[in-house]
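# Coordinate inspection notes
Residue strings, one per chain:
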Number of protein chains: 2
Amino acid sequence: MSIPAGLNDAFQAYERALMQNDLETMSRLFADEGTTLRGDGGGLLIGHEQIDAFRRGRSGALPRELVDVQIQVIDDNTALIVAVTAARRGGHGLQTQLWRRTTAGWQVTAAHVSAPPTTFDPAVWRIVGDPLVPPTGTGDLQGQTVAVKDVFAVAGHAIGAGVPTYLDGQPHATTHASAVARLLRAGAAIRGIARTDQLTYSLAGDNPHYGTPVNALVPGALPGGSSSGPATAVALGAASIGLGTDTAGSIRVPASYQGLWGLRTTHGSVPVDGMVPLAPDFDTVGLLTRTPQLLRSAAMALAPESAFALSGAVVDLDELGLTDLATYAEAFRVHQAFQAWSVHGAWIAEHPRAVLGSAGERFAAASRITSAEDARAREVLDRARSTIDGLLGGAVLRLPAAAGPAPRLWTSPREVERARRATLELTCIAGITGRPALVTPGSSTSEGPVGRCLLGPPNSELALIAWTMRNGEAE
Amino acid sequence: MSIPAGLNDAFQAYERALMQNDLETMSRLFADEGTTLRGDGGGLLIGHEQIDAFRRGRSGALPRELVDVQIQVIDDNTALIVAVTAARRGGHGLQTQLWRRTTAGWQVTAAHVSAPPTTFDPAVWRIVGDPLVPPTGTGDLQGQTVAVKDVFAVAGHAIGAGVPTYLDGQPHATTHASAVARLLRAGAAIRGIARTDQLTYSLAGDNPHYGTPVNALVPGALPGGSSSGPATAVALGAASIGLGTDTAGSIRVPASYQGLWGLRTTHGSVPVDGMVPLAPDFDTVGLLTRTPQLLRSAAMALAPESAFALSGAVVDLDELGLTDLATYAEAFRVHQAFQAWSVHGAWIAEHPRAVLGSAGERFAAASRITSAEDARAREVLDRARSTIDGLLGGAVLRLPAAAGPAPRLWTSPREVERARRATLELTCIAGITGRPALVTPGSSTSEGPVGRCLLGPPNSELALIAWTMRNGEAE
């Protein structure tokens, strides 16, 4: 069948628009329907509106040339075009488009895009190997691979903490951080050193220096932070265990956003030597996995003081009668910021352009918090701790792991900040009480999953995992 | 429009067949036409026959489940299905299929598959970072990244040489190999340590321990070896410079197969300290790039004794009147094998199961070559050297870089061996004479490119590159 009139022109016009990032023409050449599709390895966008938003949220497509165009004509008004492209940076890509002619002219109703194969994604990893570091012992974690958040010492490597200038000034570690050493001794290998938000001071995962790791479940969504690299690596199967930190939700939020199992350990239960701090009163070590079985094994290696027994009841957050969560979250935010400036302020003052974007703004705001303000915040936190501990006792608190699903990349900074504040009202409870928190994967709606979180009494990590596995809490 | 009868059953049957690697059902459900398409990030296969061969050549698809199926019905006999899949190892994939109903029932006429995003490809890299090693100086190579073949010492890392058992026994290097140090001093960073065929003893690039790197240009084709990892990394844009070795074609063949610029340096001109040898009489250091400009800069850093001047004429191989190429190639093969066994025989005898597949067979055959056979081969090589040098003098020899395009993964081992032997008749000339060789990218036919090769007098590397750029030898 011959190629229908106008099809080739429309195809070429789309290709030109793509290369010029001409959003208007691209929008016009995609059918203005709720059923229009656009997908790639990152997932499938459904509907013209979402596709437009996705395009507005990126800076453009990779420069490329067409090297082969195959057309399957279906009828005079419908054809499938499959094109091989040569990326200017090297390698071939592929795109498939279904074109249909209506009164609006030729338009794409479905598109599928493959970029050239990636062999190394520097948005996820700083250094990665097969393995990077072999195990030092044998045990339950044999055969497992760990994505280590770039805030832990790995012998032979400097710590980067998500900030290039910070990395430049760090010595090569001569010994592993205790948390790293414990997993190696249990038989796991280190797969690599994975990206973090700058100095861990974010819940978004959009490090401006190194790019934003893909969200493995939700197309075009933030991965969650600050343990963004470990979370994406585990969600994509590039590592089986993520080793991270959690101060205000840095394990729980990426677990929630990417449908992972996540564990924040009891404050003080896992040594933090060889780990870059953010706010020592709240900092904890944490884990990410795709299965509860592996989370249990990894937790036994990381937090050997944890117990399996759990006697208390399970209480939902809205049954607890906590009316002051907004006040608690604000006090948490202030004291976290005050401590973050105490830890990093001198370095940031010496390197004023090292930390960019919202984390930079957060540090700037932190620098203006007075000791008096911090003292008032600590008073609130002390009261909050008494209140919550009094209400909970040995019970387990059940609450959402985050205030909502992962924001999309095209969400406004104001909306992302609003999501952060709402999430802090949930995540601050573990921070304030030092209690361990387990995140179980939420069911994936069209907006993406929201994990469920269980907060247990101190050192109840293994009990929480066992209880969850027994009660089928995973959806 | 409602979903046509039978479509869903056919779609589900195909999905089941894919998961069971039921080749017959998959073949039956794809239209038996020369125009049927099947593509992914690795490229586009055209025609039912090629798609069948591709499927026979792999062990099956990644285990997965369907999580979302979108159907666009075009007419009662045609529909596009776009499905999101969840890979068991983690992450989402995407597939688009155009289904058409004929007298043969419902069949796919075009399919586009995306696996979940890859963040680290261990078939290409052993260790990779952003960067792995920063530059030690400034110069023309500033901003460039090097994929170092895993036969060169990189301080802080052991050399693996493509064999896990070999890697296990190696110490961490304390200094860089000279070739590595020269590129670092010129301003390049090391991106990573890239895969090689086992002990460099292959031209195929299909290391059985670590998998076969993708050919960036030809779907389903071998990448070429033994500098397979650097070649694929450069061809895909994951590094800008590949640092490799060339004994019998290990730079020239992957350059030819993947449309790259490749340089084998003059024998003895670049120090080989910190480099795993194969056959020292033929071993050389080499480079791979995507552009001649960068190849020139890298060659200036790597081989500073090379000169820009070139006075001789250019002669095509078939004008030279060399009638004994098969004899020369056989003598080359024997002496290469004899030396390879001299270098690695003791280790291989101690580790009899360490080197697998065709490289293992080649070493086994090498172990049976007698000193007398080697002496006879060396006599032939001496005569060959005199003959070729006498014919060429200061002239430049032009010949194909390989005997044909990259064999596909489904090519029989016998055919791959035949291609190797035919290629050796071309590549042995540089080995025998020690002359430098420049590969320029060939034009890409449907079978894939065959590079063109220029052999110059000793230390004419820069002159060859300059001549080629001036004369537009690149197609």
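Residues numbered from 1 in each chain as written. Chains lettered and ligands numbered in written order. Predicted model: local features only at pLDDT ≥ 70, side-chain atom pairs only at ≥ 80, totals over all residues. Heavy atoms only, no water.

An unreviewed UniProt entry annotates chain A as Amidase domain-containing protein of Phytohabitans rumicis.

### A look at the overall build of chain A
Counting its secondary structure elements, chain A contains 14 helices and 16 strands. Its C-alpha atoms give chain A a radius of gyration of 24 Å, within 12% of the compact-globule value 23 Å for 475 residues. C-alpha atoms of chain A, sized along the principal axes, occupy 75 × 50 × 50 Å. Expressed as a percentage of its 475 residues, the buried residues of chain A come to 59%. Of the roughly 17,300 Å² that chain A leaves accessible, carbon and sulfur atoms contribute 50%. Taking the average location of the 38 positive side-chain charges in chain A and that of its 44 negative ones, the two points are 2 Å from each other. (Helix = DSSP H or I, 4+ residues; strand = E, 2+ residues; numbered from the N terminus. Rg over C-alpha atoms; globule rule 2.2 N^0.38 Å. Buried < 20%, exposed > 50% of the residue type's maximum accessible area, 1.4 Å probe, protein only. Areas by Shrake-Rupley, 256 points an atom, 1.4 Å probe, with all protein chains shown as cover. Lys, Arg positive; Asp, Glu negative; His and termini not counted. Charge placed at Lys NZ, Arg CZ, Asp CG, Glu CD.)

### With respect to the sheet that holds strand β6 (residues 105-114) of chain B
All names here are of chain B. Taken in spatial order, the six strands make up an open sheet running β2-β1-β6-β5-β4-β3, and their pairing is mixed. The open sheet has two free edges, formed respectively by β2 (43-46) and β3 (64-75), since each of these has just one partner strand. Put simply, the sheet's adjacent strands are angled 20° from each other on average, direction ignored. In this sheet, β6 lies alongside strand β1 (residues 37-40) in parallel orientation, the contact comprising three bridges. Residue Arg38 lies in a different strand from β6, and its bridge partner there is Ala111. Here helix α3 (residues 48-56) sits on the sheet in contact with β1 and β2, set at roughly 120° to β2. (Pairing = 2+ DSSP bridges. Axes fitted to C-alpha atoms, helices over the stretch in contact; angles between N-to-C directions. Contact = heavy atoms within 4.5 Å.)

### Describing the interface of chain B and chain A
Interfaces are often described in size by the accessible area the parts lose on coming together. Taken together, the 62 residues of chain B in the interface contact 62 residues of chain A. The junction of chain B with chain A conceals about 4,600 Å² of combined surface from both sides, 61% of it contributed by carbon and sulfur atoms. Contact with chain A buries surface across chain B, with B:His112, B:Thr119 and B:Leu236 losing the most and accounting together for 15% of the total. Summed over the shared surface of chain B and chain A, the result is two salt bridges. For B:Arg195, the salt bridge goes to A:Asp130, with nearest N and O atoms at 2.8 Å. The interface formed by chain B and chain A contains 23 residue pairs in polar contact (both at pLDDT 80 or more). Considering every element that reaches the side of chain B that touches chain A, the biggest residue donor is strand β7 (residues 125-133) of chain B, with eight residues. Taken together, the residues that form the side of chain B that touches chain A break down as 30 nonpolar, 21 polar and 11 charged. (Buried area = accessible area lost by both parts, 1.4 Å probe. Salt bridge = Lys/Arg side-chain N within 4 Å of Asp/Glu carboxyl O. Polar contact = N/O pair within 3.5 Å; in protein donor to acceptor, adjacent residues only side chain to side chain. Nonpolar A, V, L, I, M, F, W, Y, C, P; charged D, E, K, R; others polar.)

### Some words on the pairing of strand β6 (residues 105-114) of chain A
Residues and elements named next belong to chain A. Extensive coverage of β6 is indicated by the burial of eight of its 10 residues. Sheet topology note: the strand β5 (residues 92-102)/β6 ladder contains nine bridges and is antiparallel. Along β6, the bridge assignment pairs Leu98 with Ala110. Where β5 folds back on β6, the antiparallel hairpin that results is connected by two residues.

### Re the packing of helix α10 (residues 325-350) of chain A against helix α13 (residues 413-433) of chain A
Residue and element names in this part refer to chain A. Following both chains from N to C, one finds α10 and α13 inclined at 80°, their axes separated by 8 Å at the closest point. Relative to α13, the element α10 is oriented roughly perpendicular. Residues Leu325, Ala326, Tyr328, Ala329, Glu330, Phe332, Arg333 and Gln336 of α10 touch α13, and the partners they reach there are Arg420, Arg421, Leu424, Glu425, Cys428, Ile429, Gly431 and Ile432. Class assignment of the residues belonging to the contact of α10 with α13 gives a composition of nine nonpolar, two polar and five charged. (Parallel < 35°, antiparallel > 145°, perpendicular 65-115°, else oblique.)

### Here we look at the UniProt feature "domain: Amidase" (unreviewed entry) in chain A
UniProt records the feature "domain: Amidase" (unreviewed entry) for residues 139-291 of chain A in the present numbering. Between the first and last C-alpha atoms of residues 139-291 of chain A the distance is 18 Å; the span itself is 18% helix and 18% strand. (UniProt positions renumbered as here; feature names shortened; annotations may be inferred.)

### Quick word on the domain arrangement of chain A
Residues and elements named next belong to chain A. For chain A, the assigned domains read domain 1 (7-114) and domain 2 (125-314 + 400-471). Put simply, the middle of domain 1 and the middle of domain 2, counted by C-alpha atoms, are 37 Å apart. Counting from both sides, the interface comprises eight residues of domain 1 and, opposite them, five residues of domain 2. Across the interface of domain 1 and domain 2, roughly 510 Å² is buried in total on both sides, 69% from carbon and sulfur atoms. Considering only the side of domain 1, the residues that lose the most area to domain 2 are Gly42, Gln50 and Ala53, jointly responsible for 53% of the buried surface there. Applying the counting criterion to the domain 1 and domain 2 interface returns zero salt bridges. Where domain 1 touches domain 2, the interface holds zero residue pairs in polar contact (both at pLDDT 80 or more). Every element with two or more residues in the side of domain 1 that touches domain 2 is listed here: β2 (43-46) and α3 (48-56). (Domains from an automatic or database assignment.)

### Considering the relation of the copies chain B and chain A
Expressed as a screw operation, the relation of chain B to chain A combines 0.0 Å of axial shift with a rotation of 180°, fitting to an RMSD of 0.0 Å. The two molecules are tied by a two-fold rotation axis, judged by turn and shift. Rotation axis and chain B: the residue whose C-alpha lies nearest the axis is B:Phe120, separated from it by 2.3 Å. In this assembly, 100% of the residues forming the interface of chain B have copies in chain A that are likewise at the interface, indicating an isologous arrangement. (Least-squares fit on C-alpha atoms with pLDDT ≥ 70 in both.)

### Observations regarding helix α8 (residues 292-302) of chain A
Residues and elements named next belong to chain A. Within α8, eight of the 11 residues are buried, which leaves the element mostly enclosed by the surrounding structure. Among the residues of α8, those classed as buried are Pro292, Leu294, Leu295, Ser297, Ala298, Ala299, Ala301 and Leu302. Buried residues along α8 sit in contact with α5 (178-185), β10 (241-246), β11 (261-264), β12 (284-289), β15 (437-440) and α14 (461-471).

### Examining the pattern of salt bridges
The tally for this structure, following the rule as stated, stands at 34 salt bridges over all chains. Taking the shortest distance from any N to any O, the salt bridge between B:Arg385 and B:Asp382 comes out at 3.0 Å. Residue B:Arg385 and its partner B:Asp382 are located together in helix α11 (residues 371-392), separated by three residues, close to a single helical turn. Taking the relative accessible area as the measure of exposure, B:Arg385 reaches 30% and is therefore partly exposed. Three or more residues joined by partner-sharing salt bridges are found here, namely A:Glu330, A:Arg333, A:Arg362, A:Glu417 and A:Arg421.

### Structural notes on the side chain of A:Thr25
Residue and element names in this part refer to chain A. Among the secondary structure elements, Thr25 is positioned in helix α2 (residues 23-28). Of the polar contacts made by the side chain of Thr25, one reaches the side chain of Asp22; its length is 2.5 Å. The contacts of Thr25, once residues within four sequence positions are left out, are Ala13 and Ala17.

### Here's the deal with the environment of A:Ser367
Mapped onto the secondary structure, A:Ser367 falls in helix α11 (residues 357-367). When the C-alpha atoms of A:Ser367 and A:Ala337 are compared, they prove to be 8.0 Å apart, with 30 residues separating the residues in sequence.

### Brief notes about the packing of aromatic side chains
The geometry of an aromatic ring pair is captured by the separation of the ring centres together with the interplanar angle, meaning the angle of the planes. All names here are of chain A. Throughout the structure, instances matching the rule amount to 11 aromatic pairs over all chains. For the ring pair Tyr14 and Phe30, a centre distance of 5.5 Å and an interplane angle of 35° mean the geometry is tilted. Here the residue Tyr14 occupies a position in helix α1 (residues 7-20), and Phe30 occupies one in the loop between α2 and β1 (37-40), the gap between them amounting to 16 residues. For the pair Tyr14 and Phe30, one class covers both residues: buried. Through a chain of ring-to-ring contacts, three or more aromatic side chains come together here, namely Tyr14, Phe30 and Trp99. Just above the ring of Tyr210 sits the side chain of Arg195; from NZ or CZ to the centre is 3.6 Å. Just above the ring of Tyr201 sits the side chain of Arg362; from NZ or CZ to the centre is 5.8 Å. (Phe/Tyr/Trp six-rings, centres within 6.5 Å; stacked < 30°, edge-to-face > 60°. Lys NZ or Arg CZ within 6 Å of the ring centre and 35° of its normal.)

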